Structures are given as C-alpha cells and as structure tokens.
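# Structural overview for review
For reference, the chains in residue letters:
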Amino acid sequence: MTEGITTVTIPVLLLGCGGVGRELLHHIVASRHLHSKRGVVLRVVGVRDSRSLLLVEDVATMGFDDAFLTEICRIKSSSSSLSALLDFGHCQLFKDSEATTKILDIAGLLGRTTGLSVVDCTASTETVGILKETVDLGCCIVLANKKPLTCGIDDYDKLISNIRRIRFESTVGAGLPVIVSVTRVLASGDPIYRIIGSLSGTLGYVMSEVEDGKSFSKVVLAAKSLGYTEPDPRDDLSGMDVARKALILARLLGWRINMDDIQVDSLYSNEHGPNSMSTEDFLRIGLPSLDRDVQERVSAASSRGKVLRYVCVIEGSRCQVGLQELPKDSPLGRLRGSDNVVEIYSRCYKDSPLVIQGAGAGNDTTAAGVLADIIDLQDLFH
C-alpha cells in the first residue's frame, strides 16, 4: 500500500464462472499490486456457477485468498463442480433456490453498509430477477452479460434506475470504450444522431475475407476452426448477438424500444435454421448453398466502389442489423480481420465521426473491461 492513500474495499460477488468469469478472477489476482498502489482492494466474497454458490465463511469481513481464487479457476476449467472446493475449508456451499436466497441475504447485509458489487458474467436471462432485487438493496451491478439489458423495457428501467450504480462497458465491444464514449458525448449536451458499427468480430472477419474472393462457406468453416464462431455458426450468422448490442446502444440514446422493434437480417434463411436442419447438415449442405448469393452481393457492391459489412445502424427512427454497402475508404470499409469498429455521429462529430476500433471479443479483453468497470465504482464504497 502506498503511504497516505486511503484504502477502499469493494466486496465482489461473481455470477458465472465460465470463460469470462474465470478470466476476471485471474485479472483480479494479477492486478493486486496495481490496485494496492491505488488504494483499492477487491474482496471476492462469493462465486456462483449454474449449479451452486460458494461463499466465504464471513462475508462481512472475509474474502477468498488468491490461491483459492486460482483453484476455483482450475476446478471450473475442468468443468468440475464448486463443491470440490469444500475440502479447502473456510467456505460454504449453497445450491439452487437456496443459493438465490443466500445471494439476496448478502445483498441486504452489505448493500447499504459497506456496499456490494454483483458481477454478472453469465450468458443467461435467469439473473435478471436477482439483479433487480440487488438494485433495490443498494448494490452496484457490473455486466458482461447482455441479456439483462435487452429484456423488457420495464426490467431495463429497473436495472438502470440508479445509473451511478451500474456499469456495462463489456456488453458492447468487450473492453472497447464504446459505452463510456456514448455516455460522455451525451452528458456534454451533444446529441448523437447516428451510430453505425461492426460489432461482431466473427462477422467482421467473415465479410473481409469474402471480399478477397474466398467462398463464404469456406471462410465460415475457417472461422469456426479458429474458434471465432459458436459451435453452431448460425448463432453468429443470425445477427442476434449484434442486435442485442444495438438495442443496448439505442436504449442508451433514450430510445424506448424492444428487440422486436429491431430489423435483423440473418445471413441464412428459415429453411437453414436450427428448427429445419441440424448443425452438421447446415455445415455440410446449408452453408455451401449460401455461397452464390453472398458472392453476388459482394460483387455488386464492388462494382459500385463499395464493400459489404455486417453492421448495426441506429439513426432517425431506424435500428437495423444486417449487410450494408459502405465506402471502401470509410473506417468500416477499411476494417480487416476480427476487430470491432464503431462510428458515432453528433453535432460535434458531424463531418468527422468519433471512431472506436480494436479487439471486440475474447475472454481476456471482456474480463479486462469488467474489471475496469468494478474499479470505476470505487467512489461509491466506504
């Protein structure tokens, strides 16, 4: 600890111990010295996975030590249960509804006293109820999970009812400063009238590779082999993940819309959907059948001096997700590989937009954004 710096302790309760959650715990351990110099201590009081909740013996005073956090990561990397850690002692295990009840007990105990940061690194809609109740109990929430912010508008309003106590930078563009940039521009009184962005590293990679003359199906299969896509690439090609990010940005601008209000153009038709064919059949038959249409659209755009990019467009009364023809010399037109790019247009950024570009995916990048959000809350803790 640097002499003369007052120490702020932030109790952390982690929901989700998958790739992002484990990487967050690694980052917390690796950043101890840095945080200590800044007068911040992160005290991890509990970790919940899909089956159970692991807590320290005394949430008011204790936190898991770094060796134990590292062991949690090791155990969960092998898909084992958190119950395997009971042998280490100094912890408690709760399952199912008992776990939910215990989380709310902790939130009630710490929320209005020392404070508590509830961190959602799941990919589930089931955390929405818990998050809403912890908000009522005075807790802060930090989200990597997009789904709570893309639920019904009433639930959304509840989650952001105290905007100072919620952070969600990693829901759009992983660790890129997209949310904070939009927030700061709006706070300055500068109205944003257009946002256009490539918010899928997978689809950014696919479209830039297809532009080079490679077939759509071969590029998607290459992306899958590189780990860029979900196990079923249709989860990426549907555009729904981009649509969730677009909804978060539109709501940040004050739009009162839901997912059903967004026009989403999938890269495959219903006849190639999960209800019509298996993943194996899609990869073998459905995917190659899309090659001609995609190549024709790429060629048509090229004949007009443009390129195809899969983007979200938020402008006027339109929130749309799909393929767009864009100038080759624009930031999005120059995009190569799996980077994310966002262009923000406002009164001050009318002729030359505010452009944010960089790695927009990956557990490491996303977890770094989550950790930065937690630290950003330090002024709210005693």
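Preceding block: the structure.
This one's a predicted model, so the numbers in the text were calculated from it and none came from an experiment.

## Considerations on the overall build of the protein
Looking only at helices and strands, one finds 14 helices and 13 strands in the protein. Its C-alpha radius of gyration of 22 Å places the protein within 12% of the 21 Å reference for a compact globule of 382 residues. When each of the 382 residues of the protein is scored for burial, the buried share is 52%. Here the protein has roughly 16900 Å² of accessible surface; of this, 48% comes from carbon and sulfur atoms. Counting 41 positive and 48 negative side-chain charges, the protein places the centres of these two groups 3 Å from one another.

## Section: the pairing of strand β6 (residues 140-143)
Both faces of β6 are covered, namely the face carrying Cys 140 and Val 142 and the face carrying Ile 141 and Leu 143. Relative to β6, strand β5 (residues 117-120) runs parallel, the two sharing four bridges. Its bridge partner being in β6, Val 119 is matched across the sheet by Val 142. Regarding topology, helix α5 (residues 128-136) serves as the crossover connection from β5 to the parallel β6, and that connection is right-handed. Handedness of the crossover joining β6 and strand β7 (residues 166-167) through helix α6 (residues 153-159) is recorded here as right-handed.

## Comments concerning the packing of aromatic side chains
A complete count under the given rule lists five aromatic pairs for this structure. With a centroid separation of 5.9 Å and an interplanar angle of 85 degrees, the aromatic rings of Phe 68 and Phe 88 are classed as edge-to-face. One end of the pair, Phe 68, is in helix α3 (residues 66-77); the other, Phe 88, is in the loop between α3 and β4 (91-95), with 20 residues separating them in the sequence. Taking relative accessible area as the criterion, Phe 88 reaches 45% and is therefore assigned partly exposed.

## Points about the environment of Asp 261
Tracing the chain through its elements places Asp 261 in the loop between α11 (240-252) and β9 (263-264). Taking C-alpha positions, Asp 261 is 9.1 Å from Leu 247, a pair spaced 14 residues apart along the chain. In terms of polar contacts, Asp 261 uses its side chain to reach the backbone amide nitrogen of Asn 258, at 2.8 Å.

## Some words on unusual backbone geometry
One non-glycine residue, Ser 79, lies in positive phi territory at about 65 degrees. Position of Ser 79 among the secondary structure elements: in the loop between α3 and β4.

Calculation notes
- Residues numbered from 1 in each chain as written.
- Predicted model: local features only at pLDDT ≥ 70, side-chain atom pairs only at ≥ 80, totals over all residues.
- Heavy atoms only, no water.
- Helix = DSSP H or I, 4+ residues; strand = E, 2+ residues; numbered from the N terminus.
- Rg over C-alpha atoms; globule rule 2.2 N^0.38 Å.
- Buried < 20%, exposed > 50% of the residue type's maximum accessible area, 1.4 Å probe, protein only.
- Areas by Shrake-Rupley, 256 points an atom, 1.4 Å probe, with all protein chains shown as cover.
- Lys, Arg positive; Asp, Glu negative; His and termini not counted.
- Charge placed at Lys NZ, Arg CZ, Asp CG, Glu CD.
- Pairing = 2+ DSSP bridges.
- Right-handed = clockwise from strand over helix to strand, strands pointing away.
- Phe/Tyr/Trp six-rings, centres within 6.5 Å; stacked < 30°, edge-to-face > 60°.
- Polar contact = N/O pair within 3.5 Å; in protein donor to acceptor, adjacent residues only side chain to side chain.

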